[in-house]
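Coordinate analysis (summary)
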Amino acid sequence: MNQKSLVPEFTRFLQEHNMRVTPNRLTVFRELENAPGPMTVPELASRVAEQGLNVATIYRIIETLMSLNVVHPVLIDHQSVGYELIEPFRQHHDHLVCRNCGKIVAIFDERLESVLKTISDDQSFAIDFHQLEVHGICPDCRSKTPNSPKPA
């Protein structure tokens, strides 16, 4: 969990984009801010059900937040999509996703960013943003399966 809530910055951001600051938007933002990783809409719904938010409302809020570039989708297991905050509300990172248990590990690696910049520069391509998801088998799942693939 963040030490300092970004709700005031999010409130200003909505106002600057001529969007209403609603209790439901703030609730979804807080849940995403405090989440350890990407959350699916059903996960969000279960966490905010007591506050009267239903799945349809959460989907509408997520769509709005995506259109404002506040959140982006993360493919979790080829069937589920989670959502998480992006810059300026959370530091940019990429993901390792276990295709067996669904565990997601955030990657903060400047080497990766440097390689992507070199590739884009070589192609005279201006990257607005990127998201990288590397799917494989985590160490825990590999240790439970005798013939699982070894790390490359």
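Quick look at the structure, then. (Residues numbered from 1 in each chain as written. Predicted model: local features only at pLDDT ≥ 70, side-chain atom pairs only at ≥ 80, totals over all residues. Heavy atoms only, no water.)

**Looking at the overall build of the protein**
The test is simple: Where helices and strands are cited, they refer to DSSP runs of H or I of at least four residues and of E of at least two residues respectively, numbered from the N terminus. Exposure categories follow from relative accessible area, calculated using a 1.4 Å probe and restricted to protein chains: below 20% of the type maximum is buried, above 50% is exposed, and the middle band is partly exposed. Computed with a 1.4 Å probe, the accessible areas rest on the Shrake-Rupley method; for each residue, only the protein chains presented here act as cover. Charge assignment: positive for Lys and Arg, negative for Asp and Glu; neither His nor the chain ends contribute. Charge placement uses NZ in Lys and CZ in Arg. For Asp and Glu, CG and CD serve respectively.
Within the protein, the secondary structure is distributed over 6 helices and 5 strands. For the protein, the α and β elements follow one another from N to C terminus as α-α-α-α-β-β-β-β-α-β-α. Principal axes of the C-alpha set define a box for the protein whose edges measure 50 × 40 × 30 Å. Per-residue burial over the protein gives 37% buried out of 152 residues. By element, 52% of the accessible surface of the protein is carried by carbon and sulfur atoms, the whole surface being about 9,800 Å². The positive charge centre, built from 15 side chains, and the negative charge centre, built from 19, are 6 Å apart in the protein.

**Points about the packing of helix α2 (residues 23-34) against helix α3 (residues 41-48)**
Convention followed: Every axis in this analysis is a line fitted to C-alpha atoms, fitted for helices over the stretch in contact. Angles between the N-to-C directions lie between 0 and 180 degrees. Roughly parallel refers to an angle under 35 degrees, roughly antiparallel to one over 145, roughly perpendicular to one between 65 and 115, and oblique to any angle outside these ranges. Note on convention: near helix rotated counterclockwise from far helix by under a right angle means a left-handed crossing. Clockwise means right-handed. We call two residues contacting when some pair of their heavy atoms lies within 4.5 Å. Just so you know the grouping, Ala, Val, Leu, Ile, Met, Phe, Trp, Tyr, Cys and Pro go in nonpolar, Asp, Glu, Lys and Arg go in charged, and all remaining residues, Gly too, go in polar.
With their axes 11 Å apart at the nearest point, α2 and α3 run at an angle of 110° to one another. As far as their axial angle goes, α3 and α2 are roughly perpendicular. Of the two possible hands of crossing, α2 and α3 adopt the one that is right-handed. Contacts from Thr27, Glu31 and Leu32 of α2 reach α3 at Leu44, Arg47 and Val48. Taken together, the residues of the contact of α2 with α3 break down into 3 nonpolar, 1 polar and 2 charged.

**As for the sheet that holds strand β3 (residues 94-98)**
For the record, the criterion: At least two bridges found by DSSP between two strands are what make those strands a pair.
With mixed pairing, the 3 strands of this open sheet are ordered in space as β4-β3-β5. The open sheet has two free edges, formed respectively by β4 (104-107) and β5 (133-136), since each of these has just one partner strand. Strand-to-strand, the axes of this sheet are offset by a mean angle of 20°, without reference to chain direction. When β3 meets β5, the two strands line up parallel, connected through 4 bridges.

**A word on the layout of surface pockets**
Going by this rule: Here a cavity means grid points, on a 1 Å grid over the protein atoms only, where a 1.4 Å probe fits yet cannot get out; a pocket means an open set of points with protein on both sides within 12 Å along at least five of seven lines; lining residues are those with an atom within 4 Å of a point. Grid points are joined across faces, edges and corners, and a volume is the space filled by probe spheres set on the points.
Here the largest pocket is characterised by a volume of approximately 310 Å³. Lining of the largest pocket is provided by 21 residues; of these, Pro36, Gly37, Pro38, Glu84 and Ile104 occupy positions nearest its centre. Of the residues belonging to the lining of the largest pocket, the class tally is 9 nonpolar, 7 polar and 5 charged. Roughly 240 Å³ of internal volume is contained in the second largest pocket. For the lining of the second largest pocket, the class distribution of residues is 4 nonpolar, 4 polar and 3 charged.

**So, helix α4 (residues 55-67)**
Note on helix geometry: an α-helix contains 3.6 residues per turn, so any two residues three or four positions apart are oriented the same way. The condition that has to hold: Here the expected length of a helix is defined as 1.5 Å per residue gap, with one fewer gap than residues. The directions from the helix axis to the C-beta atoms form the arc being described. Pairs of N or O atoms are called polar contacts if they sit within 3.5 Å, as long as, within protein, a hydrogen donor faces a hydrogen acceptor (for residues adjacent in sequence, only side-chain-to-side-chain pairs).
Spanning 13 residues, α4 covers 18 Å between terminal C-alpha atoms, matching the ideal 18 Å at 1.5 Å per step. Along α4, the positions that sit buried rather than exposed are Thr57, Ile58, Ile61, Ile62, Thr64 and Leu65. The arc that holds the buried residues of α4, viewed along the axis, is 160°, so those residues lie on one side. Facing away from the buried side of α4 by more than 90 degrees, the exposed set consists of Arg60 and Ser67. Tucked inside the fold, the buried residues of α4 contact α1 (7-16), α2, α3, β1 (71-75) and β2 (81-85). Where α4 starts, the residue carrying a side-chain oxygen 3.2 Å from the main-chain nitrogen of Ala56 turns out to be Asn54.

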